[in-house]
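# A closer look at the structure
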Amino acid sequence: PPYFAAAVKYSGNNTLERVEQYQAQLGQWLEKQEDVRSTGKFFCAQYDAPFVIPFFKRNEVQIKLQVLQ
């Protein structure tokens, strides 16, 4: 089913350190928001095949959101 999410996009290979870095960045943004809250855990989206040159790889760290009224 459809859902709202906040995301931070980045390029390159995914490592645990990079994913944690962008989770922290997204978490800091989320703490400042008053009209949304998270409804789950962070997850990582990778959009390209492993053989794509790292500079061109597209990735995101996302978290599902609930919009508050």
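For the structure, see preceding data.
Residues numbered from 1 in each chain as written. Predicted model: local features only at pLDDT ≥ 70, side-chain atom pairs only at ≥ 80, totals over all residues. Heavy atoms only, no water.

### Regarding the pattern of salt bridges
Where we set the bar: Salt-bridge detection follows one rule: a side-chain nitrogen of Lys or Arg within 4 Å of a carboxyl oxygen of Asp or Glu. Numbering goes from the N terminus for both helices and strands, where a helix is a DSSP run of H or I of at least four residues and a strand is a run of E of at least two.
In this structure the tally under the stated criterion is 1 salt bridge. Across the pair Arg58 and Asp48 runs a salt bridge, and its minimum N-O distance is 3.4 Å. Of this pair, Arg58 sits in strand E4 (residues 58–67) while Asp48 sits in the loop between strand E3 (43–46) and E4, and the two are 10 residues apart along the sequence.

### Things to note about the environment of Phe56
Heads up, the rule is: With a 1.4 Å probe rolled over the protein chains alone, any residue whose accessible area is under 20% of its type maximum counts as buried; one over 50% counts as exposed, and the rest are partly exposed.
Along the chain, Phe56 turns up in the loop between E3 and E4. Using a relative accessible area of 52% as the deciding quantity, one classes Phe56 as exposed.

### Topic: the side chain of Gln62
What counts, and what does not: Any pair of N or O atoms that falls within 3.5 Å is considered a polar contact. Within protein, one atom must be able to donate a hydrogen and the other to accept it, and sequence-neighbouring residues count only if both atoms are side-chain atoms. Contact definition: two residues touch when any of their heavy atoms are within 4.5 Å.
Looking at where Gln62 falls in the secondary structure, it is placed in strand E4. Among the polar contacts listed, one links the side chain of Gln62 to the side chain of Glu60, at a separation of 2.5 Å. Leaving out residues up to four positions away in the same chain, Gln62 has contacts with Tyr3, Ala6, Ala7, Leu26, Lys41, Phe42, Phe43, Ala45 and Tyr47.

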